[in-house]
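Below, each chain spelled out in residue letters.
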Amino acid sequence: MSSTLITNIAELVTNDPHADDLLGTVQDAALVVEGSTVAWTGPAAAAPAADQQVDVGGRAVIPGFVDSHSHLVFAGDRSAEFAARMAGESYAAGGIRTTVAATRAATDEQLTGHVARLVSEMRSQGTTTVEIKSGYGLTVHDEARSLAVARQFTEETTYLGAHVVPEGWTPEEYVALVTGPMLAACAPHASWVDAFCETGAFDEDQSRAVLRAGIAVGLRGRLHANQLGEGPGVRLACELGLTAVDHCTYLSSDDVGALVDSGTIATLLPGVEFSTRQPYPDARRLLDAGVRVALASDCNPGSCYTSSMPLCVALAVREMGMTAAEALYAATAGGAAALDRDDVGVLTPGGRADLVVLEAPTFVHLAYRPGVPLTSQVWVAGRPV
Ligand SMILES: [Zn+2]
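Here the structure is a predicted model, which means the values were calculated and not measured. (Residues numbered from 1 in each chain as written. Predicted model: local features only at pLDDT ≥ 70, side-chain atom pairs only at ≥ 80, totals over all residues.)

**Considering the sheet that holds strand E9 (residues 192–197)**
Strand pairing in a sheet relies on backbone hydrogen bonds. The paired strands run either parallel or antiparallel. Strand order in the open sheet made by the 7 strands is E7-E8-E9-E10-E11-E12-E13, with parallel pairing throughout. Looking at strand neighbours, the two that pair on one side only are strand E7 (132–133) and strand E13 (293–295), the edges of this open sheet. Pairing between E9 and strand E10 (residues 220–225): 4 bridges, direction parallel. By the bridge assignment, Val193 is partnered in E10 with Gly221. Across the sheet, helix H4 (residues 140–151) touches E7 and strand E8 (157–162), and the angle it forms with E8 is around 165°. (Pairing = 2+ DSSP bridges. Helix = DSSP H or I, 4+ residues; strand = E, 2+ residues; numbered from the N terminus. Contact = placed C-beta atoms within 7 Å. Axes fitted to C-alpha atoms, helices over the stretch in contact; angles between N-to-C directions.)

Okay, here's the thing in structure tokens:
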């Protein structure tokens, strides 16, 4: 197996859980890649020999971003809705139906091409693992094909038939479809089951039914909750022992306590608050309480059409009370935990060699230089891409 020494790293972020600092940072560092995995990390002066050597010229190296929440399988454009919202109209969950019509009308090739473009856009900004949800088909056929398209790009596919109740259905009829024939058609293409537990989408009992049905056929659970107001979703996610609950913008003290007790990851999606001009989630409150936090893009055509994890890091630092180190950790190791993964989001021996060489001497530039493209090189599974 061929080995490569990446050296002259001004600052290496490993997220090593055994390190003294949160990020397991090494200054003047090097890293050895063997095949697709990390074989060694440490001070450059102590680095072992390797078959090849890459000098990154005093740049920082971080683990690739793990974006644990995206909705990339869709067609159509909702920029007019965004412009109207910025002109004063409010966001409501029903806007999803606009995208559903366009997605149903698109061919498989159009959907695949669109996801490929977005995954490539993410990768160029340092994202090396992405979760992709269905949720804009809302028929048995369109949900299953959305997941089949997503599966071409990632193993982390999520069945979100319970995104919104489509036109012409009562909630009761639709939940029966989502937990019955639609689940049967989708489960072979999915790793996760999800629901949108929010006023205007699915209530607590409906969300519980969807999650339990998915878990019963072997999917793991995650949930959209507490985005637009306080509600039962976060406590439901904790009650069911889900891996992650996403949004967490409006939380009671009971919600925070439930997150601490369950260990469920709170995935914060600040691009949504940015793009809907809503108050940001209070990450400081969660971290101080001992909640495990992830950051993700929620890239979707309605409430947040950014694919940029660096933007999420910058917003988390500027608007949500996170330190730069906490935000980077949440966007890498946190995202991995939210996908129940320990092989990504870290650069420690045995982990997958997914890394980003930053056009900067330190990761702090991700928040210090918002909006600036800082990706110099991206490596996936031990190779530059
Ligand atoms: Zn979402």
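**Quick notes on the packing of helix H3 (residues 108–124) against H4**
Remark: H3 packs on H4, axes separated minimally by 10 Å, with the N-to-C direction vectors making an angle of 40°. On the basis of their axis angle, the class for H3 and H4 is oblique. With respect to the hand of their crossing, H3 and H4 are arranged in right-handed fashion. In this structure, H3 contributes Asp108, Leu111, Thr112 and Val115 to the contact, and H4 contributes Arg145, Val149 and Ala150. The residue makeup of the contact of H3 with H4, split by class, is 4 nonpolar, 1 polar and 2 charged. (Parallel < 35°, antiparallel > 145°, perpendicular 65-115°, else oblique. Left-handed = near helix turned anticlockwise from the far one by under 90°. Nonpolar A, V, L, I, M, F, W, Y, C, P; charged D, E, K, R; others polar.)

**A look at the sheet that holds strand E14 (residues 355–358)**
On the basis of which strands lie adjacent, the open sheet formed by 7 strands has the order E3-E2-E1-E4-E14-E15-E16 and mixed pairing. Pairing within the sheet leaves two strands with one partner each, and these edge strands are strand E3 (37–43) and strand E16 (383–384). With 6 bridges joining them, strand E2 (residues 25–34) and E3 adopt antiparallel strand pairing. In the strand pairing of E3, Val33 is matched with Val38.

**Here's the deal with helix H5 (residues 171–179)**
All of the buried residues in H5 are Tyr174, Val175, Val178 and Thr179. In a view along the axis of H5, the buried residues occupy a sector of 130°, so they form one face of it. Within H5, the exposed residues directed more than 90 degrees away from the buried face are Glu172 and Glu173. Elements that come into contact with the buried residues of H5 comprise E8, helix H6 (181–186) and helix H7 (204–216). (Buried ≥ 20, exposed ≤ 12 C-beta atoms within 10 Å, placed from the backbone. Arc of directions from axis to C-beta.)

**Structural notes on the domain arrangement of the protein**
Considered domain by domain, the protein is made up of domain 1 (3–63 + 345–384) and domain 2 (65–338). Facing 19 residues of domain 1, the contacting portion of domain 2 comprises 22 residues. Going through the elements one at a time, strand E4 (52–63), helix H14 (365–368) and strand E15 (375–380) are the ones with two or more residues in the side of domain 1 that touches domain 2. Within the side of domain 1 that touches domain 2, the residues separate by chemical class into 15 nonpolar, 3 polar and 1 charged. (Domains from an automatic or database assignment.)

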